[in-house]
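# Descriptive analysis of the structure
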Amino acid sequence: IAAERLSVGPAMAQTRAFLETITEPTRRAELAALFPEHASDYGAWSAGFLARLFSGTGLVILEPRWLRPLAGDFFSQVLDRHEDLVQALASGAEALRAAGLEPSFTPGEGLGIFYLDDAGRRRQIHLRHDTSMLDGERWLGKVALRRRMLAVPENFSPAAWLRPVLQGALMPTLAYVAGPGEWRYHLQLPQVFATLGVPPPVLRARPHATLISPKEERLLGQLGLGPEALTQGAQAAYRAVELPAPQQAAFGEAEAAWQATLAELATQLGSMMDQASIERVRSRLTEEMEKLRTKATREFRRQGEVDNARVDRLFAVLRPRQQPQERVLNILYFLEREGLGLVPAIIAAVDPTDERHRLLLLGDAPIPTTGSAS
């Protein structure tokens, strides 16, 4: 199903109810105000949510379905230049591999355009010679397919590799602020833009940051971790499972001391004590020292596992699933903690021209921008 047509009523009602159970009473009303009440589908809901979240910032939100009725000529051109586009996409893939990067798209028999059926399902259009499979059941010739594209372009939708090109064709784009995935998309698409006669935009990397709440900041301090820990991962921050060198050395010194004391005692006792008795004492002391070492190591491991569990909790927020925070955690997680003032605070703190990764400390005070984590 096309994401824009997904029904959101029950799911969003459940999400809203759940937020009310975990959100402080003073913040429930402002978070609830973010949720559009009468959105008919996910596309409208998302647009309404973003409009409310970024209210007052000047952000303009444009749903793709508003533009598709204007895309008939573009879809028709894609149909005419399909073979050239396949070659352009393949050439872009080869260029990426030569640079040591894995391409995002692999040419296939699909047209790169989907057909939206009456149920809202996206059906890939497959080309076979001069015919195409329109919706998984019907075959159409190119003439009939082009006629339909021009008559009802809103029933067609581009694949990911055509979306930025269609955007540039309908709304000439001077610059594109891209994340890592979108950046790699564009690196593969220069010849696709050229084939369709669309000027490619200038690429700019979007700002990116890790948000650190006071709770995570305290954990970092307690665990003795710095910003470099975010690039090394949780396991690199785990405590060792064996006794540290100072404690190991202390046991070694203690053992050497009692061995020397026992040897001196044996010398002083002389013929008053047989060698077997001395060895029994030595064996008993060795056994008791080993028990003490084992107990100390066990306790150190227990404490270390507790600390490692705290490391896991820390990285579940700062580097969840070993992925950038923004790829896993929903903004509602932070809004529930910090309130709606978080968004303008981030906008004020981040320099959009700074391509370094930033660490933003949250809290009551304005968000300071710390040094780069990588």
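For the structure, check the block above.
Bear in mind that the values here come from a model prediction, so they are computed numbers and not experimental data.

## Remarks on the overall build of the protein
Across its full length, the protein holds 16 helices and 9 strands. Here the C-alpha atoms of the protein give a radius of gyration of 32 Å, more than 25% beyond the 21 Å that 2.2 N^0.38 yields for 374 residues. C-alpha extents for the protein along the principal axes are approximately 115 × 55 × 40 Å. Classification of the 374 residues of the protein by burial places 36% in the buried group. Considering only contacts in the protein between residues 6 or more positions apart, those separated by 24 or more positions represent 65%. In the form shown here, the protein has an accessible surface area of approximately 21600 Å², with 55% of it arising from carbon and sulfur atoms. Taken as two groups, the 42 positive and 44 negative side-chain charges of the protein have centres that lie 3 Å from each other.

## What about helix α12 (residues 245-269)?
In this model, α12 (25 residues) spans 36 Å end to end at C-alpha, consistent with the 36 Å of a helix rising 1.5 Å per residue. Every buried residue belonging to α12 is among Phe 251, Trp 258 and Leu 262, and all of these are buried. Of the surrounding secondary structure, the elements contacted by the buried residues of α12 are α13 (275-318). Remark: Gly 270 follows α12 within two positions and exhibits a positive phi of approximately 55 degrees.

## Concerning the packing of aromatic side chains
This model, assessed by the stated rule, comprises 8 aromatic pairs. Between Tyr 115 and Phe 156, the aromatic rings sit 5.4 Å apart at their centres with planes inclined by 65 degrees, giving edge-to-face as the arrangement. In this pair, Tyr 115 sits in strand β1 (residues 110-116) while Phe 156 sits in strand β5 (residues 156-158), placing the two residues 41 residues apart along the sequence. On the accessibility criterion, Phe 156 (0% relative accessible area) is buried.

What counts and how
- Residues numbered from 1 in each chain as written.
- Predicted model: local features only at pLDDT ≥ 70, side-chain atom pairs only at ≥ 80, totals over all residues.
- Heavy atoms only, no water.
- Helix = DSSP H or I, 4+ residues; strand = E, 2+ residues; numbered from the N terminus.
- Rg over C-alpha atoms; globule rule 2.2 N^0.38 Å.
- Buried < 20%, exposed > 50% of the residue type's maximum accessible area, 1.4 Å probe, protein only.
- Contact = heavy atoms within 4.5 Å.
- Areas by Shrake-Rupley, 256 points an atom, 1.4 Å probe, with all protein chains shown as cover.
- Lys, Arg positive; Asp, Glu negative; His and termini not counted.
- Charge placed at Lys NZ, Arg CZ, Asp CG, Glu CD.
- Expected span 1.5 Å × (residues − 1).
- Phe/Tyr/Trp six-rings, centres within 6.5 Å; stacked < 30°, edge-to-face > 60°.

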